[in-house]
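Understanding the architecture of this molecule
This is what each chain is made of:
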Amino acid sequence: MNLTLRIWRQRNAQERGSLVSYEAKDISPDMSFLEMLDVVNERLIAKGEEPVAFDHDCREGICGMCSLVINGLAHGGRRATTTCQLHMRHFKDGDVITVEPWRSRAFPVVRDLVVDRTAFDRVIHAGGFVSSNAGGAPDANALPVPRDDAEKAMDAAACIGCGACVASCPNGSAMLFVAAKVSHLAHLPQGHPERAQRVLGMVHQMDLEGFGNCTNHTECEAVCPKEVSISHIAKMNREFIRASVLEA
Amino acid sequence: MKLESKVPSGPIESKWDKRRNEMRLVNPANKRRYRVIVVGSGLAGGAAAATLGEMGYRVDCFCFQDSPRRAHSIAAQGGINAAKNYQNDGDSVYRLFYDTMKGGDFRSREGNVYRLAQLSAAIIDQCVAMGVPFAREYGGQLANRSFGGAQVSRTFYARGQTGQQLLLGVYAELCRQIAAKTVTMHPRTEMQELVVVDGHAKGIVTRDLVTGAIETFAADAVVLATGGYAPVFYLSTNAMGNNVTAIYRAYRKGALFANPCFTQIHPTCIPVTGEHQSKLTLMSESLRNDGRIWVPKRAGDKRDPRQVPEEDRDYYLERIYPAYGNLAARDVSSRAAKRMCDEGKGVGPGGLGVYLDFSDAIKRLGEGVIRERYGNLFDMYERITGEDAYQVPMRIYPAVHYAMGGLWVDYDLMSNVPGLFVLGEANFSDHGANRLGASALMQGLADGYFVIPYTLSNYLAGQKYGAVAASRPEFRQAGEEAQERIRKLLSVKGKRSVTSFHRELGKVLWEHCGMERSRGGLTKALEIVPAIREEFWENVKVTGGAKELNPELEKAGRVADFLDLAELICHDALAREESCGCHLRAEYQTEEGEAKRNDKDYCFVSAWEHKGPGQKPVLQKEPLEFETVHLAERSYK
């Protein structure tokens, strides 16, 4: 099939960017979206033009490196699908496809479609862990964990840290990302000793990074490639209130 | 050169204790004076950096991704083995050790493998303590499953995302140390050169992938945990960024490269759809627990699989290997699939595929159970192929998945270059000629959490901290080498893209050094590969500049190393005139097409020594001595 792409080109964080049109001809429906971009890039290289920079690595939907807002939707808007797993069979011959980077104050553009997501790392630094040094752990079965709790923890822990939640939120909120980690560890007994300082620290850092707040648009849940539920945001809010009361 | 494995003497059960008791320790007050470089942030590198940070060392950790949470350990699906015997099914440290030795076709080092099995239980304890949400039973106990090639249930898992959950656990611990300022993280930074001073590894040269700045870092020791080099085949199940660069450049500085031709082919991947294919996706081997593998009995049978009656189907693994059936070892299953396709019985576009059919399991257990066990894998299959595997059998084909080969290390995981430690997939030590399923995660974490803290301290205790500064001429020289390579790549200004060379190389390697190797094919590959390399350096077109984010330049540097590595792989495959594990030499097989090992002449580790550009590498041998296991023919029949 033949497509027209409108791709965001921006040389670096300082310069202004703009949408540039490219014709993508003879695209196979079996290609993934990134393979389609590979083909476009190979043709740009052949013409001596600079290829489009985009983040990607595992190409199997788990590393969280790929991003892209496709026709206004983070990861292209197919249920539970990252950009790398989105296939061209979902587009039609003649489509015009707009491709932009994640847009959020907390995720500055590095180049073209590549953004800086280190703000997420700094939120985890602020408490998204269990302090347990290697070497002294008790037997893994010493502390039984009810199956439902383990499953709920796993539902939250499935987050791949891609940032689609932020990119799709009108407030640029990272609540779903932060809540996923808070909720994961709040559902497990191993996470309890530090639960208060964890949620306070992470929410504080989230605010410092310039992420917005949640006003229940639920766009984050709709685009999340791992289908992390906004119920985890409710869980985080409860954890936050609990911790605030305890602190006071 | 004499290769000293330094495996301690004495009974196998007490070798590691003995070694630990002999090791020197670093005084707690002195630890913060030692600097350690860790390259890579996956299970091995991340665990090493976090643990060394916890111990009080000053650690600099590097990764090429935008965050350490992206490392490719994250993609492991199936699980992690541990000799916990929670299922009371007769498992033990010895059995895990023996299975790993046998799976590796007796081409790994006994002492290392036994230690791995010993440490496996503590890994699970550690992971649970850091909040990894492993699957559990209703009573709250950890759940297990049996996994490719094992007759006990010793695999722990977190749905189909075990690697992700373990890596995120390690990442969390790493973040804790970054916050505590014991670890400085350098994301989007790629190692360019190893710096060797007076024979010891004392630093690295890096390129900042955003600004292009070349920088040097001095340290008291260097740890490489940079993963595997499967993308030398272009198409593999690995991430696009996985590469050999860090360990290959260390090889050029004197580190020996061991068993480079031991590359694992995984039997259950989604088949290729066309020339545009950029990577292959693995479907977890756990699918083989319930799926049945078959091809039509008649070559060229193009019927819809649902229309092929039982009597026209060949469940070839169940037929040829009745004891293991669909769970036969990875290389055995892979070759069997290839043989079926070579006979014209392959299915799907291009005839390069076999069916993995769940209809019997769905009849037996109900769709709900299958959905619960493998739902995410079926979803993934649907996303990629557009087919519903609950209705139509999956199509699978083997693909390159893992590199058992890597830098040579001794029992302490130190290479022949003192101060250079190599962990995880980047070393060669534990999996011999083939790796068992669910053992890569185990090795990464064992190396990072429980081996390197001891062995690195032992090395550092004999070194004066901060003895070497980045002002030494060796650093300047290594920095210039890195600059020069980049300048050279950018100045070719030829006509062909980097990817076109990579794809061409991959095809040659897959054809002549893939599932089956022969003298003729390897000799041919050894003529073609240098020709591709020659053209690469005369005709490659690398767009963009050196002082900016330039993914083409990154790729070019990695492909240049793959071109060199491919030749080394073929030399190794040619020199090993036997079949073992993943390495099937057409000349050395039984009448039924099974691998024929030659223990008399090839019971050794091949460790290759770099002799300079354009020179043939020299083979050093570390004889493998077996005190505990008897060399048995590996039969899965």
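Values in this document were obtained by computation on a predicted structure and should not be read as measured data.

**Overview of the sheet that holds strand 9 (residues 221–224) of chain B**
Strand pairing in a sheet is mediated by backbone hydrogen bonds. Such pairs are either parallel or antiparallel. All names here are of chain B. On the basis of which strands lie adjacent, the open sheet formed by five strands has the order 5-2-1-9-17 and parallel pairing. Bordering the open sheet on either side are strand 5 (183–186) and strand 17 (420–422), each of which pairs with just one other strand. With direction set aside, neighbouring strand axes in the sheet form an average angle of 20°. Summarising the sheet, strand 1 (residues 35–39) and strand 2 (residues 58–62) pair through five bridges and their orientation is parallel. Across the sheet, residue V38 finds its bridge partner in strand 2, namely C61. Seen against the sheet, helix 12 (residues 440–460) touches strand 1, strand 9 and strand 17 and runs at an angle of roughly 155° to strand 9.

**With respect to the interface of chain A and chain B**
Interfaces are frequently sized by the accessible area removed from exposure as the parts join. Listed as interface residues are 74 residues of chain A and, on the opposing side, 76 residues of chain B. Between chain A and chain B, the buried area comes to about 6,100 Å², and carbon and sulfur atoms account for 50% of it. On inspection of chain A and its partner chain B, the count reaches nine salt bridges. Residues D139(A) and K84(B) are paired through a salt bridge, measuring 2.9 Å at the closest nitrogen-oxygen approach. Along the contact surface separating chain A from chain B lie 46 residue pairs in polar contact (both at pLDDT 80 or more). For the side of chain A that touches chain B, the element with the most residues is helix 3 (residues 147–157) of chain A, which contributes seven residues.

**Details of empty space enclosed by the protein**
The tally for this structure, following the rule as stated, stands at twelve cavities of 30 Å³ or more. Its volume calculated, the second largest cavity comes out at about 160 Å³. The residue inventory of the lining of the second largest cavity, partitioned by class, reads four nonpolar, seven polar and four charged.

**Considerations on the sheet that holds strand 16 (residues 406–407) of chain B**
All names here are of chain B. Strand order in the open sheet made by the four strands is 16-10-20-21, with antiparallel pairing throughout. If you trace the sheet from one side to the other, it starts and ends with strand 16 and strand 21 (618–623), each paired once. Inspection of the sheet shows strand 10 (residues 257–258) paired to strand 20 (residues 604–609) by two bridges, in the antiparallel sense. Pairing of A258 across the sheet is with A607, part of strand 20. Set on the sheet, helix 16 (residues 551–575) makes contact with strand 10 and strand 20; between it and strand 20 the angle comes to about 145°.

**Description of the packing of helix 7 (residues 245–252) of chain B against helix 16 of chain B**
Residues and elements named next belong to chain B. Their axes nearest at 10 Å, the elements helix 7 and helix 16 cross at an angle of 60°. The angle between helix 7 and helix 16 falls in the class oblique. Here helix 7 and helix 16 pass one another in a crossing that is left-handed. Of the residues in helix 16, those touching helix 7 at T245, Y248, R249, Y251 and R252 are G557, R558, D561, D564, L565 and L568.

**What about the state of the cysteines?**
A complete count under the given rule lists zero disulfides over all chains for this structure. Distance from the sulfur of C165(A), which forms no disulfide, to the nearest cysteine sulfur (C162(A)) is 6.4 Å. Considering cysteine sulfurs only, C61(B) is the nearest to C63(B), which forms no disulfide, with 6.6 Å between them. Accessibility expressed as a relative area gives 5% for C63(B), which makes it buried.

**A few points about a positive patch on the surface**
Side chains of R32(B), R33(B), R58(B) and K464(B) sit close together on the surface and give a patch of like positive charge. Considering the arrangement of structural elements, one finds K464(B) in the loop between helix 12 and helix 13 (473–491).

**Quick word on the domain arrangement of chain B**
All names here are of chain B. Under the domain assignment used here, chain B contains domain 1 (266–400) and domain 2 (473–623). Placing a centre on the C-alpha atoms of domain 1 and another on those of domain 2 gives a separation of 31 Å. Each side of the interface is counted separately: domain 1 has eleven residues, and domain 2 has eleven residues. With both sides pooled, the region where domain 1 packs onto domain 2 buries about 890 Å², and carbon together with sulfur makes up 53% of that total. When residues of domain 1 are sorted by the area they lose upon contact with domain 2, E275, R335 and K338 head the list and together hold 53% of the total. For the pair domain 1 and domain 2, the number of links is two salt bridges. Linking K507 and E275 is a salt bridge whose minimum nitrogen-to-oxygen distance equals 3.1 Å. Across the domain 1-domain 2 interface, the total number found is one residue pair in polar contact (both at pLDDT 80 or more).

**Side note on the domain arrangement of chain A**
All names here are of chain A. Under the domain assignment, chain A is made up of domain 1 (3–111) and domain 2 (117–247). Taking only C-alpha atoms into account, the centre of domain 1 sits 29 Å from that of domain 2. Listed by partner, the interface residues are 21 residues for domain 1 and 19 residues for domain 2. Where domain 1 abuts domain 2, roughly 1,500 Å² becomes buried across the two surfaces, and 59% of that area is made up of carbon and sulfur atoms. Counting the contacts that link domain 1 with domain 2 gives two salt bridges. One can count six residue pairs in polar contact (both at pLDDT 80 or more) joining domain 1 with domain 2. Across the side of domain 1 that touches domain 2, the residue classes tally to ten nonpolar, seven polar and four charged.

Rules of the game
Residues numbered from 1 in each chain as written. Chains lettered and ligands numbered in written order. Predicted model: local features only at pLDDT ≥ 70, side-chain atom pairs only at ≥ 80, totals over all residues. Heavy atoms only, no water. Pairing = 2+ DSSP bridges. Helix = DSSP H or I, 4+ residues; strand = E, 2+ residues; numbered from the N terminus. Axes fitted to C-alpha atoms, helices over the stretch in contact; angles between N-to-C directions. Contact = heavy atoms within 4.5 Å. Buried area = accessible area lost by both parts, 1.4 Å probe. Salt bridge = Lys/Arg side-chain N within 4 Å of Asp/Glu carboxyl O. Polar contact = N/O pair within 3.5 Å; in protein donor to acceptor, adjacent residues only side chain to side chain. 1 Å grid on protein atoms, 1.4 Å probe; cavity = no way out; pocket = protein on both sides within 12 Å on 5 of 7 lines; lining within 4 Å. Points joined across faces, edges and corners; volume = space filled by probe spheres on them. Nonpolar A, V, L, I, M, F, W, Y, C, P; charged D, E, K, R; others polar. Parallel < 35°, antiparallel > 145°, perpendicular 65-115°, else oblique. Left-handed = near helix turned anticlockwise from the far one by under 90°. Disulfide = S-S within 2.5 Å. Buried < 20%, exposed > 50% of the residue type's maximum accessible area, 1.4 Å probe, protein only. Patch = residues over 30% accessible without salt bridge, like charges linked within 9 Å, V, L, I, M, F, W, Y side chains within 5 Å. Areas by Shrake-Rupley, 256 points an atom, 1.4 Å probe, with all protein chains shown as cover. Lys, Arg positive; Asp, Glu negative; His and termini not counted. Charge placed at Lys NZ, Arg CZ, Asp CG, Glu CD. Domains from an automatic or database assignment.

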